[in-house]
Amino acid sequence: MARERAMVPKAEFSSYYGRPVIKAPIWHEPNMPLYLYLGGVSGACAVSAALEELRAEPSRRLGTLARLGSALGCATGAIFLVTELGRPERFLNMMRVFKPTSPMSMGSWILAAHGGLSAVAAGSAVTGVLPWAGRSAALASGVTGPLMSTYTAVLVADTAVPAWHEARRELPFLFAGSAMAGAGALGMLATLAMPEEAAPVRRMAVLGAALETVAGAVMERRLGALAEPYRREPLMRAARLLTAGGGALAALSAVPARRTGRTGRGALAALSTLPSRRTGRGGRVAGMVLAAAAAAALTAGAVCTRFGVLRAGRASAEDPAYTIVPQRERLAAAERDQVSG
Amino acid sequence: MSERMGFFTDTSVCIGCKACEVACKEWNDVPDDGFVFRATSYDNTGALGASTWRHVAFVETADNWLMASDVCKHCTHAACLDVCPTGALFRTEFDTVVVQADVCNGCGYCVPACPYGVIDRREDDGRAWKCTMCYDRQRGGLEPACSKACPTDSIQFGPLDELRERADERLAALHAQGRSEARLYGESPGDGVGGDGAFFLLMAEPEVYGLPPDPVVTTRDLPSMWRWAAAAALTMAAAAAASTTWRR
């Protein structure tokens, strides 16, 4: 309904030779979207690493993997971030100020804290040096991690770009879901050979995919005409399919790995021709194949989401209709309020 | 802190000579912005940008020619200044907004933050650039190059309070002449950016000149954005905790 209403005034707005009113984001591909992906994954890995420390019987393998994912994601993401700058040699200027009005300033400090904690946690896990420091760092990175995965949504929403600014409520949830799906997918790949350890990362992948899918659907519904740039962006459509499909596959991959026949019945089993009743060799291999396919789809989906959000934002900035028409509607609504009030 | 200085650009007397564009380039040593023949009007500059700090718009309507010299608005609530993560952008003693070229690291955040599409990154140089309202000339007690060069006084420079009074008088005079299409743009401290340090008298709707009809500083919504992000971060932590196998 919102879509139909908003399509009407688009035909009757005036502009300066169809030129954009605002400047489109100048952030480059692949740097910026890959940073969003890697930073998000790093944050979700850090949460896993912290939770592993809180468990009664921590798994050393899962804990080390999560710490490594957090540190590597953060480090490679930071490289993409620095090379994105117009003057990379001045990247330390980000540390000149602490500025709450700038999400990029806050993000730089979050990144610095998160990167340091992740590096200490991973270094300790790999070398075995100072286990108490590694444990403390891993626990602390459980706080910086969720900030790391969501601050980037504030970063893009805090612009004049219509498709970003108006999506400021849902983007943090979209990014959080995408981060969990991405990290869960990497965890599934890392635990392919040890399916008995895979349950937490698989659940994280499924929950992340669900959160991303719901946030995306709510966002497009609420945005009305401003959802068009997202709907028209092929990478965004691909991301929706890959994430939802990957999440479903991840859920399915649990079926053959289960030990009893209890999950062998019903829709899940009907969907799969796999030997789900027994945990024979065949079941194990089928579970691995499904898990690998799910991880590939979820990773592709998480990456496509970040590229898609950048491209949809750019498209909404480049078409003056998305800037002018909502502002005109806002003015008209204010005028109506004045008349009736 | 001295008085707040500003520009009042009265487009009703602009003749489209582009002396302001030229004077700005000359004084500020701004490089060329490409030699493009746009084939839409007498305007081949197109828009403000990293290497275009004054831009004369040209619109041919059914009954007249509209010309307007656009410039950085030096907003009261400046989004570029708010989002700059290095402190390169700062507010001067004249209440104008200026980029320090020796600090800017070219992060590009100010570019999509500006609701007017003014500031931009010069790609061969890597830093963000825009109008400084001739900060150097002002410090030397001179008026900016564009207003100095304007042959019709379409661009007027002075203390903002005086300019606002002058603009009100000019608007009343135009309305008395029956020019009901005349309107002020960016003069009101009550608008979405708290009023512009550089405001305009326009002879048509702002979007006709490429200006946004109701610009809002994006950081006005920042507190709510952080709240939504905090909710998402907590959701994420809770979902991760729910994923964990707490007991075997």
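Parameters at a glance
Counting starts from 1 at the beginning of each chain's written sequence and moves along it residue by residue. Both sets of labels track the order of writing: A upward for chains, 1 upward for ligands. Confidence filtering applies because this is a predicted model: local features only for residues at pLDDT of at least 70, side-chain atom pairs given and counted only at 80 or more, and all residues used for totals across whole chains, interfaces and linings. For the purposes of this description, domain bounds are those given by an automatic or database domain assignment. Placing C-beta atoms from the backbone, we regard two residues as in contact once those atoms come within 7 Å. By definition, any uninterrupted DSSP run of H or I lasting at least four residues is a helix, any uninterrupted run of E lasting at least two residues is a strand, and each is numbered from the N terminus. Each residue gets one of three labels, nonpolar for Ala, Val, Leu, Ile, Met, Phe, Trp, Tyr, Cys and Pro, charged for Asp, Glu, Lys and Arg, and polar for the others, Gly among them. The quantity called pLDDT is the predictor's confidence in a given residue, expressed from 0 to 100. Any residue whose C-beta has 12 or fewer other C-beta atoms within 10 Å is treated as exposed, any with 20 or more as buried, and any in between as partly exposed, C-beta atoms being built from the backbone. By convention in this section, buried Ala, Val, Leu, Ile, Met, Phe, Trp, Tyr and Cys residues joined through C-beta atoms within 7 Å make up a nonpolar core. By this definition, two strands are paired if DSSP reports at least two bridges between them. Axes here refer to lines fitted to C-alpha atoms; in helices the fit is confined to the stretch in contact. Angles between the N-to-C directions go from 0 to 180 degrees. Here, expected helix span is obtained from the residue count minus one, scaled by 1.5 Å. Any angle that is under 35 degrees is reported as roughly parallel, and any over 145 degrees as roughly antiparallel; angles of 65 to 115 degrees are reported as roughly perpendicular and all others as oblique. For any pair of crossing helices, the crossing counts as left-handed if the nearer helix is rotated counterclockwise from the farther one by less than a right angle, and right-handed if it is rotated clockwise.

Asker: Sorry if this is basic, but what is going on with the domain arrangement of chain A here?
Answerer: A common measure of how large an interface is: the accessible area buried when the components associate. Residue and element names in this part refer to chain A. Along its sequence, chain A is carved into domain 1 (25–158) and domain 2 (161–341). Just the C-alpha atoms count here: the centres of domain 1 and domain 2 sit 22 Å apart. The interface is formed by 25 residues belonging to domain 1 together with 29 residues belonging to domain 2. At the level of elements, α2 (31–54), α3 (60–84) and α5 (131–157) are the ones that each hand at least two residues to the side of domain 1 that touches domain 2. Top contributing element to the side of domain 1 that touches domain 2 by residue count: α2, with ten residues. Of the residues that constitute the side of domain 1 that touches domain 2, the class distribution is 15 nonpolar, eight polar and two charged.

Asker: Just to check I follow, could you spell out the confidence of the model for chain B for this structure?
Answerer: Should pLDDT be low for a region, the predicted coordinates there are not to be read in detail. On average, residues of chain B carry a pLDDT of 96, and 99% of them reach 70 or more. Quick note on the complex model: pTM equals 0.93, ipTM equals 0.96.

Asker: Would you take a moment to explain the environment of B:Glu162 for this structure?
Answerer: When you line up the elements, B:Glu162 lands in helix α6 (residues 160–176). Sequence spacing of B:Glu162 and B:Gly6 is 156 residues, and the spatial spacing of their C-alpha atoms is 9.5 Å.

Asker: Can you help me understand unusual backbone geometry in this one?
Answerer: Residues apart from glycine generally show negative phi values, whereas peptide bonds are mostly found in trans. With an omega of 0°, the peptide bond running from A:Glu29 to A:Pro30 counts as cis. Here A:Pro30 lies in the loop between α1 (2–7) and α2. Phi angles above zero are rare outside glycine, and B:Cys134 is one such case at about 45°. Mapped onto the secondary structure, B:Cys134 falls in the loop between β7 (128–129) and α4 (135–139). Taking the C-beta count within 10 Å as the criterion, B:Cys134 has 23 such neighbours and is therefore assigned buried.

Asker: Explain the environment of A:Ala312 to me, please; I cannot follow it from the model alone.
Answerer: Residues and elements named next belong to chain A. Positionally, Ala-312 belongs in helix α12 (residues 281–318). Sequence separation of Ala-312 and Pro-234 is 78 residues, and the distance between their C-alpha atoms is 9.6 Å. When neighbours within four sequence positions are excluded, Ala-312 is seen to be in contact with Ala-163, Pro-229, Tyr-230, Glu-233 and Met-236.

Asker: Please explain the nonpolar core as it appears in this structure.
Answerer: A general feature of soluble globular proteins is that nonpolar side chains tend to end up buried together. Counting residues in each nonpolar core, the largest one holds 184 residues, and the members touching the most others are A:Met180, A:Ala205, A:Ala294, A:Leu298, B:Cys80, B:Cys110 and B:Cys114. Ranked by residue count, the leading element in this core is α12(A), at 15 residues. Not counting residues within four places of it along the chain, the set of residues in contact with A:Leu298 comprises A:Ala181, A:Gly182, A:Gly184, A:Ala185, A:Ala205, A:Ala209, A:Thr243, A:Gly246, A:Gly247 and A:Ala250.

Asker: Explain the pairing of strand β2 (residues 54–60) of chain B here, please?
Answerer: In regular strands, side chains alternate between the two faces of the sheet. Residue and element names in this part refer to chain B. With six of seven residues buried, β2 lies mostly within the body of the structure. Looking at chain direction, β2 and strand β3 (residues 65–71) are connected through seven bridges and run antiparallel. Bridge pairing in β3 places His-55 opposite Asp-70. Connecting the antiparallel pair β2 and β3 is a turn made up of four residues.

Asker: Explain the sheet that holds strand β10 (residues 198–202) of chain B here, please?
Answerer: Strand pairing in a sheet relies on backbone hydrogen bonds. The paired strands run either parallel or antiparallel. All names here are of chain B. Strand order in the open sheet formed by four strands is β8-β1-β10-β9, with mixed pairing between adjacent strands. At either end of the open sheet lies a strand with only one pairing partner, and these are β8 (155–159) and β9 (183–185). On average, each strand axis in the sheet is tilted by 20° relative to the strand beside it, whichever way the strands run. Along the sheet, α6 contacts β1 (5–10), β8, β9 and β10; its crossing angle with β8, the most-contacted strand, is approximately 135°.

Asker: Hey, could you run me through the interface of chain A and chain B in this one?
Answerer: In this complex, chain A contributes 68 residues to the contact, which on the side of chain B involves 58 residues. Counting only elements with at least two residues in the side of chain A that touches chain B, the list comes to α2, α4 (103–127), α5, α7 (171–190), α8 (199–223) and α13 (320–340) of chain A. The element best represented in the side of chain A that touches chain B is α5(A), accounting for eight residues.

Asker: Before we go on, may I ask you to explain α7(A) in this structure?
Answerer: Owing to its 3.6 residues per turn, the α-helix brings residues three or four apart onto one side. With 20 residues, α7(A) should reach 28 Å at 1.5 Å per residue; the first-to-last C-alpha distance of 28 Å fits that figure. With 19 of 20 residues buried, α7(A) lies mostly within the body of the structure.

Asker: Looking at this model, I keep getting lost on the packing of α7(A) against helix α7 (residues 222–243) of chain B. Mind explaining?
Answerer: Helix-helix packing is characterised by the crossing angle of the two axes and by the distance between the axes. One can describe the packing of α7(A) onto α7(B) by two numbers: an axis separation of 8 Å at closest approach and a directional angle of 25°. On the basis of the axis angle, α7(A) is roughly parallel to α7(B). For the crossing formed where α7(A) meets α7(B), the hand is right-handed. Contact residues: A:Pro172, A:Phe173, A:Ala176 and A:Met180 in α7(A); B:Trp228, B:Ala229, B:Ala232, B:Ala233, B:Thr235, B:Met236, B:Ala239 and B:Ala240 in α7(B). Classifying every residue of the contact of α7(A) with α7(B) gives eleven nonpolar, one polar and no charged.

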